[in-house]
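Notes for the structure review
Below are the chains, spelled out letter by letter.
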Amino acid sequence: MRDTHTHPVEWLLGRCSGSDVLAPPVILGPAEWSGGGAYERPELEAGRAGGVAEGALRVAPLAAGLRQMKESLRKVDCLIEVHDARIPFSGRNPAFQEALGIRPHLLVLNKMDLADLTHKAKILERLEQEGLKNILFTNCIKDENVKKVIPLITDLVSRSQRYQRAENVEYCIMVIGVPNVGKSSLINSMRRLHLKKGKASRVGSEPGITKAVLTRIQVSERPLMYLLDTPGVLAPRIESVEAGMKLALCGAIRDHLVGEGVMADYLLYTLNKQQQFSYVERYGLGEPSDDIESVLKRVALKLGRTHKVKVLTGTGDVNVIAPDYSAAAYELLRTFRKGELGQVLLD
């Protein structure tokens, strides 16, 4: 691997000195660099929603979703916040705590099968220092640890005031979190385990599958428990470029808003930094590389993903076969998200 110069992603993350390190980067699509170390998403600010790319977040559904959640708090006994285990510290939406107030709270770190949990104890210690004492790692696809959710919830509720709901024997739990962390997968897993029933919530690899706010779904008979499924809501402002990249790699931000090529470059940087070199053998590279162009070229050729490109020469246009870098970048991201490039902790 080259060590004679700084990797482009390090420049992107501001790890070098120089005034041109972060000349307004095109990272999060319709975002603006604030100059203060955080991304501003103009479409989330009142009066600035025009001209946003399709699929981008807007202030209206964000505010409306939080408002409906807040209005339903009188019916809610406990909050389950679902987040991606690969980013236990990054990207959690602070607006949930501000807008939803204080309720018994369980943090479910899902997709544990994709995360490197070698230092799980340190993760729990840091989260506890941040005031989070009730934490559960899960893999909802294989129902791992999901049976622990209901006992934890009933214990949390029994040790707290039930907010004017003591006359009710049923539990009402609100499920919250950023997009594509597995909220609907958790609900479906609980229904499989406790009701022996199939899917009640749609799931998918793209953020934004759940559209309706506060859909009430039964997940248990004894105790009688309902979950309120909610759409994923990102924070109005991503705290840093790197946090945005991590969210994007985990699928919480739509790929086209960031750019598959930029995301693939950050992924390669992360894999090399953590000495996760399984991509070398998988794609037939001779050795680890920090050159994203050469890696994507090799990926494209291995997959047979090429296309014809017109090249203007002195004698006219000539059609040449070129690697499909976009398809290669998508393949690299898809393979990472399936866990086929190894277990990775992005934080």
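Let me sum up the structure you'll find in this document. For every chain, the first residue of the written sequence is number 1, and numbering continues from 1 along that sequence. Only residues with pLDDT of at least 70 get local features here, since the model is predicted, and only at 80 or more are side-chain atom pairs given and counted; chain-wide, interface and lining totals rely on the full set of residues. As a convention, hydrogens and water are excluded, and side-chain values are obtained from all of the structure's heavy atoms.

**Here's the deal with the overall build of the chain**
Helix numbers and strand numbers start at the N terminus; a helix is a DSSP run of H or I with at least 4 residues, a strand a run of E with at least 2. Assigned secondary structure in the chain consists of 12 helices and 10 strands. Within the chain, the proportion of its 347 residues that are buried is 48%. Here a residue-residue contact requires only that any non-hydrogen atoms of the pair lie within 4.5 Å. Across the chain, the fraction of contacts at a sequence separation of at least 24, relative to all contacts at a separation of at least 6, is 68%. Element-wise, carbon and sulfur atoms account for 50% of the exposed surface of the chain, whose accessible area totals about 17000 Å². Each residue gets one of three labels from its accessible area relative to the maximum for its type: buried under 20%, exposed over 50%, partly exposed in between, using a 1.4 Å probe on protein chains only. Per-residue accessibility takes into account occlusion by the displayed protein chains alone, with areas from the Shrake-Rupley method and a 1.4 Å probe.

**Details of the packing of helix α9 (residues 260-273) against helix α12 (residues 325-337)**
Two numbers describe a pair of packed helices, the interaxial angle and the distance between the axes. Angles run from 0 to 180 degrees between N-to-C directions of axes, and those axes are lines fitted to C-alpha atoms, restricted for helices to the stretch in contact. α12 packs onto α9 with a crossing angle of 50° between their chain directions and a minimal axis gap of 9 Å. Judged on the interaxial angle alone, α12 and α9 are oblique. Handedness of the α9/α12 crossing: left-handed. On the side of α9, the interface is formed by E260, G261, M263, A264 and L267, while α12 contributes A329, L332, L333, F336 and R337. Split into classes, the residues belonging to the contact of α9 with α12 amount to seven nonpolar, one polar and two charged. If an angle is under 35 degrees, it is roughly parallel; if it is over 145, roughly antiparallel; if it lies from 65 to 115, roughly perpendicular; otherwise it is oblique. Helix crossings fall into two classes, left-handed where the near helix is turned counterclockwise from the far one by less than a right angle and right-handed where it is turned clockwise. Gly counts as polar in this scheme, as do all residues outside two lists: the nonpolar Ala, Val, Leu, Ile, Met, Phe, Trp, Tyr, Cys and Pro, and the charged Asp, Glu, Lys and Arg.

**Looking at the pattern of salt bridges**
Salt bridge criterion: a side-chain nitrogen from Lys or Arg within 4 Å of a carboxyl oxygen from Asp or Glu. Under the counting rule described, the total for this entry stands at 11 salt bridges. Among the salt bridges present, the one from E130 reaches R126, with a minimum N-O distance of 3.4 Å. The partly exposed category is assigned to R126, whose relative accessible area is 40%. A salt bridge links R159 to D155; the nearest nitrogen and oxygen atoms lie 3.0 Å apart. Connected through shared salt-bridge partners, R282, K338 and E340 make up one network.

**Some points on the pairing of strand β9 (residues 306-313)**
On a regular strand, each side chain points to the face opposite its neighbour's, so the side chains alternate between the two faces of the sheet. Pairs of strands are assigned from DSSP output, requiring at least two bridges between the strands. Looking at chain direction, β9 and strand β10 (residues 316-323) are connected through eight bridges and run antiparallel. Within β10, the residue paired with T313 across the bridge is G316. Hairpin connection between β9 and β10: a loop of two residues separates the two successive antiparallel strands.

**Brief notes about unusual backbone geometry**
Residue P223 is bonded to the preceding R222 through a cis peptide linkage, with omega at 0°. Mapped onto the elements, P223 comes out in the loop between β7 (215-220) and β8 (225-229). Within the chain, D143 stands out as a residue other than glycine whose phi angle is a positive 60°. Along the chain, the position of D143 falls in the loop between β5 (135-137) and α5 (149-158). One non-glycine residue, N180, lies in the positive phi region at around 65°.

**Section: the sheet that holds strand β6 (residues 171-176)**
Across the sheet, six strands lie side by side as β5-β4-β3-β6-β8-β7; this open sheet has mixed pairing. The sheet is open, and its two borders are formed by β5 and β7, each paired with just one other strand. Taken pair by pair, the neighbouring strands of this sheet meet at an average axis angle of 25°, ignoring direction. Here strand β4 (residues 105-110) runs beside β5; their pairing, made up of three bridges, is parallel. Its bridge partner lying in β5, L109 is registered against F137. The strands touched by helix α4 (residues 120-129) within the sheet are β4 and β5, with β5 carrying the most contacts at an inclination of about 150°.

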